[in-house]
Number of protein chains: 2
Amino acid sequence: MNAMRELSVELGERSYPIFIGEGLLEQAGELFEKQGIGKKSPVLIVTDEHVAVRHLDKLVDVLQRSGYQTESAVVPPGETSKSLAVFEDLMTKALQAGLDRKSTIVALGGGVVGDLAGFVAASYMRGIKFVQVPTTILAHDSSVGGKVAVNHPQAKNIIGAFHQPELVLYDLNTLQTLPAREVSAGLSEVVKHGLIWDSEFVQWCDDHGDRLLALDPEALGYALYKGCTVKAAVVSRDERENDLRMILNLGHTIGHALEAVAGYNELLHGEAISIGMVGSARLAVELGAPQEVLTVTKRVLSRVGLPVRLPEHLDTDRIMEAMMHDKKFLEGTMIFIVPTAIGQVEINKSVSTELVRKIVEQLKQEAVQA
Amino acid sequence: MNAMRELSVELGERSYPIFIGEGLLEQAGELFEKQGIGKKSPVLIVTDEHVAVRHLDKLVDVLQRSGYQTESAVVPPGETSKSLAVFEDLMTKALQAGLDRKSTIVALGGGVVGDLAGFVAASYMRGIKFVQVPTTILAHDSSVGGKVAVNHPQAKNIIGAFHQPELVLYDLNTLQTLPAREVSAGLSEVVKHGLIWDSEFVQWCDDHGDRLLALDPEALGYALYKGCTVKAAVVSRDERENDLRMILNLGHTIGHALEAVAGYNELLHGEAISIGMVGSARLAVELGAPQEVLTVTKRVLSRVGLPVRLPEHLDTDRIMEAMMHDKKFLEGTMIFIVPTAIGQVEINKSVSTELVRKIVEQLKQEAVQA
Ligand SMILES: NC(=O)c1ccc[n+]([C@@H]2O[C@H](COP(=O)([O-])OP(=O)(O)OC[C@H]3O[C@@H](n4cnc5c(N)ncnc54)[C@H](O)[C@@H]3O)[C@@H](O)[C@H]2O)c1
Ligand SMILES: NC(=O)c1ccc[n+]([C@@H]2O[C@H](COP(=O)([O-])OP(=O)(O)OC[C@H]3O[C@@H](n4cnc5c(N)ncnc54)[C@H](O)[C@@H]3O)[C@@H](O)[C@H]2O)c1
Ligand SMILES: [Zn+2]
Ligand SMILES: [Zn+2]
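Residues numbered from 1 in each chain as written. Chains lettered and ligands numbered in written order. Predicted model: local features only at pLDDT ≥ 70, side-chain atom pairs only at ≥ 80, totals over all residues. Heavy atoms only, no water.

**Looking at the coordination of the zinc ion (ligand 3)**
Any two of four tetrahedral donors ideally make an angle of 109.5 degrees at the metal, while pairs among six octahedral donors ideally make 90 or 180 degrees.
Residues and elements named next belong to chain A.
No. 1: Listed as protein donors to the zinc ion (ligand 3) are Glu-189 (OE), His-252 (NE2) and His-269 (NE2); their distances from the metal cover 2.0 to 2.1 Å.
No. 2: Counting residues between consecutive donors of the zinc ion (ligand 3) along the chain gives the motif E-x62-H-x16-H. Linking Glu-189 in helix α6 (residues 180-197) with His-252 in helix α9 (residues 252-262), this pair joins segments that are 63 residues apart in sequence. Assigned by exposure class, Glu-189 and His-252 land together as buried. (Donors = N, O, S within 2.8 Å, 3.2 Å for Na, K, Ca; no water. Helix = DSSP H or I, 4+ residues; strand = E, 2+ residues; numbered from the N terminus. Buried < 20%, exposed > 50% of the residue type's maximum accessible area, 1.4 Å probe, protein only.)

Below, the structure written as structure tokens:
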């Protein structure tokens, strides 16, 4: 077993630790206790059906052996569970389980479960404690930063709160059961964290793509540690998304539009973002960045099994419309996060929509072998 | 016209002013502007049907003349609008109105509208600006302190947040249309603020009961100013209800139980609290406080048209059960806010349930003329 890695998200009074390692579920009782999760009030574990069959019993067992009273709520897997209807069901469950103001809600799962359970914790009795136990690679992103939300039928993540967890407990063993496509999709945000902040780490990803895809615990632990470190650094400097935090949206302007146009089944979020990041790199080169920004971006994303070309059947007009529907649009120009070099980005508030259209067209021709 | 009164709720970065006066709706544009409510993003006014017919046009007109883009949402009157269903409708409305992160939600109405619209403002895009324009006397209480919430079918106010407004704008003229029963019910919390904090103000209420019931603007302005001052002082010292804020619950342990047992139509919240405060005063005397605590409490509440006797048909066993269901119960003893003198209370964490039962019985015999 590898050593446990630990880092801290620095937010003053609301600071909290992230623990990453193999077999950490077994230590959940001690780690919860160390972070001040009380045993007198019931704890509600929220998870989804896929995760429940694989990892719920272990967590329940460990916590109960440590003296915690636990109740579990299992929601259907997938984005549709991030709804006010499921939110209300969980409130009912929390009431029935007798949760009080000293209780804690634990999210065991990917970003869907984390966002949903987090918003329940933010709102139940106007806010109770919350613990993230992420089980997807993507959730290294969603579990850090305190953004929690459910969807409205007309807009994603529009109903939510900022609610920081007491701790994040990342057991690498739980990731071993992830479907391959989810592995790659999650690595998309890992690579993103390198691209916006840390060129050495991008190089490392380039060198270790195979080991990451093979879920090698040492490589995975390091990559998640680095990804969380970047996310934590950005969030610490801008908790409520006023400014700097925008750089986390690298690839997301195009990415969100692709998700909307393709329908949420054809492209996973991480896949759409991957294509979006290639778009941002192309844009960067058009705006004067070195060619390398594009070639390295494409190469690293390909290494971890991600698409870099935009499916040709997706209509450019509809993609453009979806982007302008997004709030990042202002009178003929758009706001984009644009790389200036590998590991560095800037916020460009006046990218012309014409140039963006050209990039979208080019993305459909993108050579797959970089 | 009387002078405008102003006070400030001191909460560091989240501090905000309360303006109280006649005809303040006419000044809404300037006051909004002064508090930094932007004009570029749309403003959503939330109100209920009773208030809409009386006061909405004026507010819309004034704000639009000042250059604000406004949209209005009118919900059915009454506690049933504090539901997740109406919350979701308002989210839809906010999306349709194009509210963005710089938008503001304005609550024009009583505590129901304030709590509901406040939770929408707390959650829309993870929190946008919020203004309280209270139109009931009770709302001097609900509009100060930042507690916002909706109800769950099984529990009141269980789904919510702490979300402070940018300002509170109290136009005494809007109160002139209040039904008499709502006037008295609202004064119950005004008197409560005197009883927990300020004996001189209790004396003043005793002397000015008639003028308050007649909605005399000078008397009303002073009473609301004093009531808000006490609430603001308590909240400033304990924003998130860790300790001191509990004293605001004077009369509420018994009061909530009466509301639950009587059904929410027989007793208004303020009426139930009135009887509850008489109960607390009786308890105080039993525990050694001077007899005056009981006589003055009863007299002042009677002066403003409030009940001091518990309706005999309400079953004592059911009242006791409802109280124990409340979280303030711990192994044979209960937590009560107990007056030690007029204008002073203490938190007593070990009141025996037997003594409480005796008080409930006595409340049914309470002499109505003190
Ligand atoms: N809050 C934030 O800051 C933030 C950031 C990024 C993304 N998000 C949100 O995260 C969500 C996406 O997260 P996600 O990709 O983790 O999705 P997810 O939670 O739906 O998980 C993806 C799939 O993997 C399954 N799964 C999870 N863990 C597993 C395991 N260990 N073994 C086998 N199967 C497993 C799930 O059941 C699901 O089918 C989106 O809703 C997005 O909005 C939030
Ligand atoms: N957030 C808090 O700290 C806090 C504190 C106390 C109470 N509350 C909440 O406040 C609510 C009760 O508030 P309320 O008593 O103001 O109830 P309310 O908002 O329902 O108003 C009472 C009635 O008066 C009507 N009305 C309001 N203004 C009027 C006007 N100017 N003219 C004519 N009719 C008018 C309303 O339509 C309603 O029928 C409860 O839901 C309670 O939980 C919250
Ligand atoms: Zn993302
Ligand atoms: Zn009250």
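Next comes the rest of the account.
**What to know about the UniProt feature "binding site: Zn(2+)" (unreviewed entry) in chain A**
Residue and element names in this part refer to chain A.
No. 1: UniProt feature "binding site: Zn(2+)" (unreviewed entry): in the numbering of this structure it lies at Glu-189, His-252 and His-269. Despite a sequence span of 81 residues, these residues sit close together in the fold, their greatest C-alpha distance being 10.4 Å.
No. 2: Within the secondary structure, His-269 is located in helix α10 (residues 269-286).
No. 3: Filtering out sequence-adjacent residues up to four positions away, His-269 remains in contact with Leu-138, Glu-189, His-252, His-256 and Glu-259.
No. 4: In terms of polar contacts, His-269 uses its side chain to reach the side chain of Glu-259, at 3.1 Å. (UniProt positions renumbered as here; feature names shortened; annotations may be inferred. Contact = heavy atoms within 4.5 Å. Polar contact = N/O pair within 3.5 Å; in protein donor to acceptor, adjacent residues only side chain to side chain.)

**Digging into the site of ligand 2**
All names here are of chain B.
No. 1: Taken together, 26 residues form the shell around ligand 2, and within it Asp-48, Glu-79, Thr-135, Thr-136 and Thr-177 come nearest.
No. 2: The contact in question runs from an oxygen atom of ligand 2 to an N or O atom on the backbone of Val-112, over 3.1 Å.
No. 3: Between ligand 2 and the protein, one listed contact pairs an oxygen atom with a side-chain N or O atom of Lys-156 at 3.1 Å.
No. 4: The greatest single-element share of the shell around ligand 2, amounting to four residues, is contributed by helix α2 (residues 49-65). (Near = heavy atom within 4 Å.)

**So, the interface of chain A and chain B**
No. 1: Counting from both sides, the interface comprises 30 residues of chain A and, opposite them, 30 residues of chain B.
No. 2: Both sides of the chain A and chain B interface together cover about 2,500 Å² of buried area, and 59% of this is carbon and sulfur.
No. 3: By the criterion of area lost to chain B, the three top residues of chain A are Leu-95, Arg-126 and Ile-158 of chain A, representing 29% of everything that side buries.
No. 4: For the pair chain A and chain B, the interface holds zero salt bridges.
No. 5: Our count for the chain A to chain B interface comes out at nine residue pairs in polar contact (both at pLDDT 80 or more).
No. 6: Among the elements of the structure, α3 (84-96), α4 (111-123), β7 (147-152) and β8 (155-162) of chain A are those that each provide at least two residues to the side of chain A that touches chain B.
No. 7: Of the residues contributing to the side of chain A that touches chain B, the split by class is 16 nonpolar, seven polar and seven charged. (Buried area = accessible area lost by both parts, 1.4 Å probe. Salt bridge = Lys/Arg side-chain N within 4 Å of Asp/Glu carboxyl O. Nonpolar A, V, L, I, M, F, W, Y, C, P; charged D, E, K, R; others polar.)

**Considerations on the relation of the copies chain A and chain B**
No. 1: Rotating chain A by 180° and translating it 0.0 Å along the rotation axis places it on chain B, where the RMSD comes to 0.0 Å. Both copies of the chain, as the preceding transformation shows, are related through a two-fold rotation axis. Among all residues of chain A, the one whose C-alpha sits closest to the rotation axis is Leu-84 of chain A, at a distance of 4.0 Å. (Least-squares fit on C-alpha atoms with pLDDT ≥ 70 in both.)

**Some words on the sheet that holds strand β1 (residues 5-9) of chain B**
Pairing between sheet strands relies on hydrogen bonds along the backbone, with the strands arranged either parallel or antiparallel.
Residue and element names in this part refer to chain B.
No. 1: The mixed open sheet is built from seven strands, whose spatial order is β1-β2-β9-β6-β5-β3-β4. The sheet is open, and its two edges are formed by β1 and β4 (70-75), each paired on a single side. Each strand of the sheet is rotated relative to its neighbour by a mean of 20°, with strand direction disregarded.
No. 2: Strands β3 (43-48), β4, β5 (104-109) and β6 (129-134) of the sheet are contacted by helix α4 (residues 111-123), whose axis makes an angle of about 170° with β5. (Pairing = 2+ DSSP bridges. Axes fitted to C-alpha atoms, helices over the stretch in contact; angles between N-to-C directions.)

**Focus: the domain arrangement of chain A**
All names here are of chain A.
No. 1: In terms of domains, chain A is made up of domain 1 (5-175) and domain 2 (180-363).
No. 2: On the domain 2 side, the residues contacting the 24 residues of domain 1 number 29 residues.
No. 3: Roughly 2,400 Å² is buried in total at the junction of domain 1 and domain 2, and carbon and sulfur atoms are behind 66% of that figure.
No. 4: On the domain 1 side of the interface with domain 2, the three residues burying the most area are Arg-5, Ile-137 and His-140, jointly 27% of the side's total.
No. 5: For the pair domain 1 and domain 2, the interface holds four salt bridges.
No. 6: Between Asp-141 and Lys-231 there is a salt bridge whose closest N-O contact spans 2.7 Å. (Domains from an automatic or database assignment.)

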